[in-house]
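Structure assessment
The primary structure of each chain is shown beneath.
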Amino acid sequence: TPRIFSGIQPSGGLTLGNYLGALKRFAALQGQGAETIYCLVDLHAITVWQEPETLRRNIREAAAAFMASGVDPAQSILFNQSQVSAHAEMAWLFNTVARVGWMYRMTQFKDKAGKNSENVSLGLLAYPALMAADILTYQATAVPVGEDQKQHLELTRDIAAKFNHDYGVEHFPLTEPLIEGVATRVMSLRDGSKKMSKSDPSDASRINLTDDADAIAQKIRKARTDADPLPGSIEGLKDRPEARNLVNIHAALSDQTPDQVLAQYEGQGFGAFKPALAELAVATLAPINRRMAEFMADPAEIDRILGQGAQRADQIATPILDRTKEIMGLLRSR
Ligand code: AQP
């Protein structure tokens with residue numbers, strides 16, 4: 001059976017971008033004939049400083065967000081990365097396969113390191129090797145991600161191909177990215193050229209899954225736009241990134257195409273569009289927000305679910321890790 005793997009960093013509160021680009025699709029992929037494995041990638045989160053108490057809370061809150069968005073721990077394996085040691089072990093093996101130059105070329109590394117690239121953690125540079133390990137430790141065949149992760153997925157394929165070539169085996173699959181829908185790149189509400197991100201210093205740039213109805217409505221009301229009326233088709237928004245972003249968000253939330261959305265608003269301005277979008281966003285996010293709060297009221301239950309998920313994940317990962325070590329000539333005597 002095909003096996004789907006994906007993850008999210010618990011490096012802060014999750015956003016509408018994470019929901020539309022990832023969580024909503026994770027839930028929809030369940031029960032479609034593939035095995036689904038979803039991971040809170042806490043080892044990735046610590047590549048930049050995380051305050052321990054905040055990280056602990058963010059891991060539980062991200063687990064609550066997954067479940068509130070419809071990821072069912074009975075149908076999918078849901079766990080946090082650091083509880084399954086195969087991820088870190090496989091990442092080390094891949095550190096010996098991947099080339100340093102591949103890592104320096106990653107745009108996410110360049111963005112996050114900025115001008116300070118000698119002084120970031122070594123983990124931030126090696127991040128894509130750990131991501132390849134997450135995926136290939138399960139020999140996953142497909143990974144649903146947003147547009148921003150495409151380059152890392154290509155690197156995962158490069159690592160798999162180089163491993164298979166160097167050791168003369170067909171051990172790792174060439175994993176396919178699943179980048180689908182109109183919300184593969186939700187943009188900042190303040191700047192249509194930047195993606196909506198949980199680590200953006202401006203809270204007004206994003207909608208958090210924990211925002212209440214008033215906050216959501218206010219952020220959409222204040223979202224940057226222009227004064228022109230809306231055209232009849234998305235083609236007409238080519239040079240209006242902020243407007244295009246709001247229309248795409250509407251389309252993703254209402255399960256329509258952007259053109260279907262625009263058919264309803266052609267000729268109207270944002271004075272009409274924004275309140276409708278706010279209402280739609282609140283209608284989708286309020287129940288998620290409520291369920292998250294219910295899960296968060298019982299952290300021990302979240303920990304139990306993640307622990308159980310980790311045990312199931314470990315059963316798949318460990319034999320694949322062992323076989324990988326064997327192929328590489330590492331001695332196994334138990
Ligand atoms: N704006 C977005 N639109 C669509 N999809 C998005 N994703 C993230 N932002 C958007 C998708 O969510 C998944 C998890 O991402 P991640 O948490 O592992 O890291 P990220 O891509 O770096 O997300 P953030 O929110 O920008 O986190 P920070 O600010 O910590 O770096 C991925 O599938 C991603 O594509």
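Read on for an overview of the structure. Starting afresh in each chain, residues are numbered from 1 along the sequence in its written order. In view of the model being predicted, local features appear only for residues whose pLDDT reaches at least 70, and side-chain atom pairs are presented and counted only at 80 or more, with totals across whole chains, interfaces and linings using the full set of residues. As a rule here, side-chain values come from all non-hydrogen atoms in the structure, and water together with hydrogens is ignored.

Quick notes on the side chain of Gln50
A helix here means a DSSP run of H or I that spans at least four residues, while a strand means a run of E at least two residues long, and both kinds are numbered starting from the N terminus. Examined against the element boundaries, Gln50 turns out to sit in the loop between helix H2 (42–45) and helix H3 (52–68). Pairing of N or O atoms within 3.5 Å defines a polar contact, subject to two protein rules: one partner must be a possible hydrogen donor and the other a possible acceptor, and residues neighboring in sequence count only if both atoms are side-chain atoms. A distance of 3.0 Å separates a polar side-chain atom of Gln50 from the backbone oxygen of Ala45.

Regarding helix H8 (residues 150–167)
Between its terminal C-alpha atoms H8 stretches 26 Å, which fits the 26 Å expected from 18 residues at 1.5 Å a residue. Gly168, located one to two residues past H8, shows a positive phi value of around 65°. A helix is expected to reach a length of 1.5 Å times the quantity of its residues less one.

What to know about the environment of Gln81
Residue placement: Gln81 occurs in the loop between strand S3 (77–80) and helix H4 (86–95). For each residue, the accessible area found with a 1.4 Å probe, counting protein chains only, is set against the maximum for its type, and the residue is called buried under 20%, exposed over 50%, and partly exposed in between. Accessibility expressed as a relative area gives 0% for Gln81, which makes it buried. Taking the C-alpha atoms as reference points, Gln81 and Ile316, 235 residues apart in sequence, are found 14 Å from one another. Among all residues touching Gln81, those that are not within four sequence positions of it are Cys39, Leu40, Val41, Asp42, Leu43, His44, His87, Leu130 and Asp134. Only 3.3 Å separates the side chain of Gln81 from the side chain of His44, close enough to count as a polar contact. At 2.8 Å, the side chain of Gln81 forms a polar contact with the side chain of Asp134. In this description, contact between two residues means that some pair of their heavy atoms is separated by no more than 4.5 Å.

Thoughts on the pattern of salt bridges
Pairs can form between side chains of opposite charge once their charged atoms are near each other. What makes a salt bridge here is a side-chain nitrogen of Lys or Arg within 4 Å of a carboxyl oxygen of Asp or Glu, nothing more. Using the criterion set out here, one finds 18 salt bridges in the structure. Its salt-bridge partner being Lys194, residue Asp200 comes within 3.5 Å of it at the nearest N-O pair. Here Asp200 falls in the buried class, since its relative accessible area comes to 10%. Each member of the salt-bridge network shares a partner with another, and the members are Asp203, Arg206, Asp211 and Lys219.

Here we look at helix H12 (residues 270–296)
With 27 residues, H12 extends 36 Å between its outermost C-alpha atoms, agreeing within 8% with the 39 Å of an ideal straight helix rising 1.5 Å per residue. The axis of H12 is deflected most strongly, by about 30°, at Leu285, and proline Pro287 appears within four residues downstream. Of all the residues in H12, the buried ones are Phe270, Phe273, Lys274, Leu277, Ala278, Ala281, Val282, Thr284, Leu285, Ile288, Met292 and Met296. Tucked inside the fold, the buried residues of H12 contact helix H1 (16–28), H3, helix H9 (213–222), helix H10 (241–254), helix H11 (258–265) and helix H13 (299–328). A residue's bend is given by the angle between axes fitted to the 7 residues ending at it and the 7 residues starting at it.

Side note on the site of the ligand
If you check the shell around the ligand, you find 22 residues, and the closest are Lys112, Asp148, Ser197, Lys198 and Ser199. A distance of 3.0 Å separates an oxygen atom of the ligand from a polar side-chain atom of Ser11. Between the ligand and Gln149, the relevant distance is 3.3 Å, taken from an oxygen atom to a side-chain nitrogen or oxygen of the residue. Here, Shrake-Rupley sampling with a 1.4 Å probe gives the accessible areas, and only protein chains in the shown set may cover a residue. About the coverage of the ligand: the protein hides 96% of its 640 Å² of free accessible area. In terms of residues, the shell around the ligand owes the most to one element, H1, which gives four residues. Tallied by class, the residues present in the shell around the ligand amount to six nonpolar, 11 polar and five charged. Near residues are defined by distance, with any heavy atom within 4 Å of the molecule or strand qualifying the residue. Classes in brief: Ala, Val, Leu, Ile, Met, Phe, Trp, Tyr, Cys and Pro nonpolar; Asp, Glu, Lys and Arg charged; the others, Gly included, polar.

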